[in-house]
Amino acid sequence: MLKLFKFKRLDKFILSIAISVSIMIAAVSALLLSNFSNKIINTGTKITSSYIADETFNTMFQVMKRGWNEKQVAEFIRALKKSSDSEKMVNVSIFRGKIVSKQFGKISQPAENSVVMQSFLTGLPEYKKIKGLSVYAYPLKDKELCLKCHTMAKIGNVNGVIEVSFNPVYLTKKIQYYYYALLILIFLLPIIGGAFVAFILRKSVKKGINSINKEVENINTVRDLKMLESNLSDLKFEEFNSVYQGIVKLSSKLRDVAIDKDILEFEIKLLERFIITSEVVKDWKEHVFNLLIEMNNIIKVYNVFSIFVQDEELIELEVFWKGEPTEKTKIIFNEMINKNIYHDSFSPLLKDMENIMITHNIADKKIKLPELTADDISVKTKKIILNMPHIGGIVGIGVQSEESLDSTRELVINSVLTTLLNVIGSIKAIYKYTKDLEYYATRDGLTELYNQRVFNEFLHYEAERANRNNSIFSLLFIDLDNFKFINDMYGHNFGDTMLQNVADILNKLKRSGDILARYGGDEFAIILPGAGIEQAYMIAERIREKIGTSLLKYPDGKKNIGITSSIGVASYPQSAATEKDIFMLTDNMMYKAKAKGKNQVYVAQEEDMITVYQEAREKSNMVIDALNKTEVIVPYFQPIVGLKDNKILANELLMRINYKGTTLSAGEFIEVAEAIGVAHKLDLLLMEKAFKMMKESDFDGFLFVNLSPKSLILSEFIKNVKDIILKYNINPDRIVFELTERETIKNITLLEKFVTNLKYEGFRFAVDDFGSGFSSFLYIKHFPVDFIKIDGEFIRSIMTDKIDRAFVISSVSIAREVGIKTIAEFIENDEILQEVTRLGVDYGQGFFLAKPAPELKS
């Protein structure tokens, strides 16, 4: 029976059931009819035999009553035998008993069979089947009338037996004919009936199914499932109509839960839009245009829009249209935006909506949108309000009105709004962070003067201008005397106040065109354009006197604290030929002022210049000797530690030179090496030693390598680095090049090309001293950066300086937005460590965590 369920067509299944049932019925009928026909034949032959025997006896008895002789008896038996011979089915024989045979003599008769004998014996009729024949024996008993002739007999004696043998073959054949005919009829009727039912059923179902298939073929989206309801087919049978109704109900539920393949693919693409890269930040409008075009493959979107407020300063409202709208459509949509925003809880931030400048951007100007009414467009919005940075905004989408009625499309619209909110909101936040970072990158957080890196840029510019115009300028380098004592005695907060007071004094005394910077902790520098050595000296003296006479009241109000300064002075080009030389000279003059007793101004003299330049030449010779005697170049390593798990992620490679029994750090010779153009050669020698140590120690962490950007644009340098990597079988993925800003790169595009090529090779990149100069942001924008190392100046004062702390928070936020890991430099105590960890910095480096050592640590 299980094989029946292998049929895939209903009509074949029904037909197979009908055939199976027919076979079963025919088999049962055959069994029943066979038994029934046997009973009929047996009963019929018995009755017929009894009847023939009775009739034969009655005939004999009538003849015997008239009296018959022996000759008549013999004639009767012969006639009876002749009649039996002619009849193949029935044979009648008369057997004479012993009494009659004794009185009248024996006659010719067949041998007695068991039935005849039994009948003679019992005097009763007997019936039995013998060799396929139905044999009936009828006893002939003497009556009173018979005694007239049978004088030797008594009443009741069995004088003879009439045997009727019935051959059922003929009757059986006749019955079999009808039997088989009936069986065939019984077998065929269910099959014919089943075939008829299957035909009718299949025709009806096929018609309905064809109708359903036709409707299904027209279903291309979830929305098309509704057609099944509107085009119901009658399948003629209640059961099939119930199934169809079930399909319709299923389609109705599917509309609520199912999502079109196109929509699902769009949602997946939408997830990719959540990734904010530097390219997205740079071309965010193009990003929105692409999203708008992709959306129209799923839903009919006319436009998207955004409006953001930052620090209560309104940013213009941007509308992005799929195609060119009519002027009337623009006016209608502007009114719709105003209406939506006024009804939004965000509206208090927008105090003057009427004066907002609305910018309409067109994705494809070849597309001309029809004139739309307010009824044609449904506007959906989402808002965001951030506390850090202080920014809030709304993004919206204008879709065809009927699209907003579809629950699935509603989900898509919400997803799009979420993506837009993420993309545009993140970009606006990044702009805010960048604006803050750019300010902090150029300014000292405590005094708001220019910082060291910006000062170096101005110094380079001023030297170039002096060379072009054959002009002069002077440089003052100011260092506060005994400032460490004030910090230690009165605390860092008072020390910071003292630095701010000095900055105010310098700001008031400098000329309008002078460039003032806080160069370091208690060091200040001033560029005096157009000033010769005499004028510079006069300005320096005024500064020294003013600082020395200014007193600052201690917070307890009981005492006033003062401070003095030592100032070095040099002039360009009188005292030096390059900006580096004049800075070096002025710095040395400041130390000479301190050596003379502090609170002094020291102007560079000719003999001072000779001494400084001799020291510079000595360092140059030391660097050149190091190139020839490579054993004096020693790699040092400082671990970079994960702040969450305290595991060592990497080691930073640092250069040391052993010179006359002293180990010199890179800060003491690297500027000289760069000045004479051999810094990249030192880098290569250092890397070869470090890579060899990596291989020998099986170090599997990252190695951070400090490089000047100028080294990267030297083609032979890149080739040599690759050769060393291959030589020691180092995975490029484990090498992180730190982009430093020791030198300004004028051709940022060229550097970008080389960095991108190295990134393709598998190398990683980090921005060193992030936030200390303009280039930091160029690196993030243009280069595939993996890490930023937040400048130690911001980390060192993070606990006492709100601006430095804000800078770190901003740096962490912007790095997180673009998928870059952060490293805090100069972690010098546990308090700073805990704070940068709390602010979300990923890794840390500093003497508190681990000092530089000549061994790799993992």
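For the structure, check the block above.
In this report, we go over the structure that sits alongside the text. All values derive from a computational prediction rather than experimental measurement.

Calculation criteria
Residues numbered from 1 in each chain as written. Predicted model: local features only at pLDDT ≥ 70, side-chain atom pairs only at ≥ 80, totals over all residues. Heavy atoms only, no water. Salt bridge = Lys/Arg side-chain N within 4 Å of Asp/Glu carboxyl O. Helix = DSSP H or I, 4+ residues; strand = E, 2+ residues; numbered from the N terminus. Buried < 20%, exposed > 50% of the residue type's maximum accessible area, 1.4 Å probe, protein only. Contact = heavy atoms within 4.5 Å. Pairing = 2+ DSSP bridges. Right-handed = clockwise from strand over helix to strand, strands pointing away. Core = buried A, V, L, I, M, F, W, Y, C linked by side-chain atoms within 4.5 Å. Patch = residues over 30% accessible without salt bridge, like charges linked within 9 Å, V, L, I, M, F, W, Y side chains within 5 Å. Areas by Shrake-Rupley, 256 points an atom, 1.4 Å probe, with all protein chains shown as cover. Expected span 1.5 Å × (residues − 1).

Per the counting criterion, the structure on display carries 21 salt bridges. The salt bridge partner of Glu 327 is Lys 330, with a shortest N-O separation of 3.5 Å. Remark: Lys 330 and Glu 327 occur in helix 11 (residues 327-342); sequence separation between them is three residues, near one turn of the helix. Exposure remark for Glu 327: the relative accessible area of 55% places this residue in the exposed category. On the basis of relative accessible area, Lys 330 is assigned to the buried category, the value being 15%. For the salt bridge of Glu 462 with Arg 465, the shortest nitrogen-to-oxygen distance reads 2.5 Å. Placement of the pair is Glu 462 and Arg 465 together in helix 13 (residues 452-469), with a separation of three residues, close to one helical turn. Residue class for Glu 462 comes out buried when judged on its relative accessible area of 3%. With a relative accessible area of 28%, Arg 465 lands in the partly exposed category.

Looking at the element boundaries, Asn 113 is found in the loop between helix 3 (98-104) and helix 4 (114-122). Look past the residues within four positions of Asn 113 in its chain and what remains in contact with it is Ile 130, Val 135 and Glu 163.

Relative to the assigned elements, Ser 575 resides in the loop between strand 16 (565-572) and helix 17 (579-595). Judged by relative accessible area, which is 4%, Ser 575 ranks as buried. The residues contacting Ser 575, other than those within four sequence positions of it, are Ala 570, Leu 585, Ala 604, Met 609 and Tyr 613.

Every other side chain in a regular strand lies on the same face of the sheet, so the side chains alternate between the two faces. Taken together, the four bridges between strand 24 (residues 787-790) and strand 25 (residues 821-824) define a ladder with parallel strand orientation. Bridge pairing in strand 25 places Ile 788 opposite Thr 822. The pairing of strand 25 with strand 26 (residues 843-844) spans two bridges and is classified as parallel. Note on strand 26: the bridge partner recorded for Ala 824 is Gly 844. Handedness of the crossover joining strand 25 and strand 26 through helix 27 (residues 830-838): right-handed.

Take the nonpolar core next. By size, the foremost hydrophobic cluster in this structure holds 70 residues, and its most contacted members are Met 687, Phe 691, Leu 703, Ile 735, Phe 737, Val 808 and Val 836. At eight residues, helix 20 (residues 679-697) tops the list of elements feeding residues into this core. Those residues in contact with Phe 737 that lie beyond four places of it in its chain are Met 687, Val 705, Leu 707, Val 721, Leu 758, Phe 763, Arg 764, Phe 765 and Ala 766. In this structure, Leu 476, Tyr 490, Ile 539 and Val 601 belong to the second largest nonpolar core, which totals 33 residues.

Moving on, we get to a nonpolar patch on the surface. Among the surface-exposed residues, Phe 196, Val 197, Phe 199 and Ile 200 lie close enough to one another that they form a single nonpolar patch of about 400 Å² accessible area. Here Phe 199 lies in helix 5 (residues 169-217).

Once that is clear, we can look at helix 16 (residues 533-549). Between its first and last C-alpha atoms helix 16 spans 24 Å; for 17 residues at 1.5 Å apiece the expected length is 24 Å, and the two agree. Every buried residue of helix 16 is listed here: Ile 533, Ala 536, Ile 539, Ala 540, Glu 541, Ile 543, Arg 544 and Ile 547. The secondary structure elements touched by the buried residues of helix 16 are strand 11 (473-480), helix 15 (492-509), strand 13 (523-529), strand 16 and strand 17 (601-603).

As a further point, take the environment of Ile 515. If you trace the backbone, Ile 515 turns up in strand 12 (residues 515-518). Judged by relative accessible area, which is 11%, Ile 515 ranks as buried. Distance in space between the C-alpha atoms of Ile 515 and Leu 459 is 9.0 Å, their sequence separation being 56 residues.

Taken across its six residues, strand 21 (residues 702-707) has six buried, putting it largely inside the fold. Residues Phe 702, Phe 704 and Asn 706 line one face of strand 21 and the alternating positions Leu 703, Val 705 and Leu 707 line the opposite face, and both faces are buried. As defined by bridge partners, strand 19 (residues 648-659) adjoins strand 21 across four bridges and the pair is classed as parallel. Bridge pairing in strand 21 places Leu 653 opposite Val 705. In terms of strand pairing, strand 21 meets strand 22 (residues 735-739) through five bridges, oriented parallel. Looking across to strand 22, one finds that Leu 703 is bridged to Ile 735.

These values are about where atoms sit, not about what they do.
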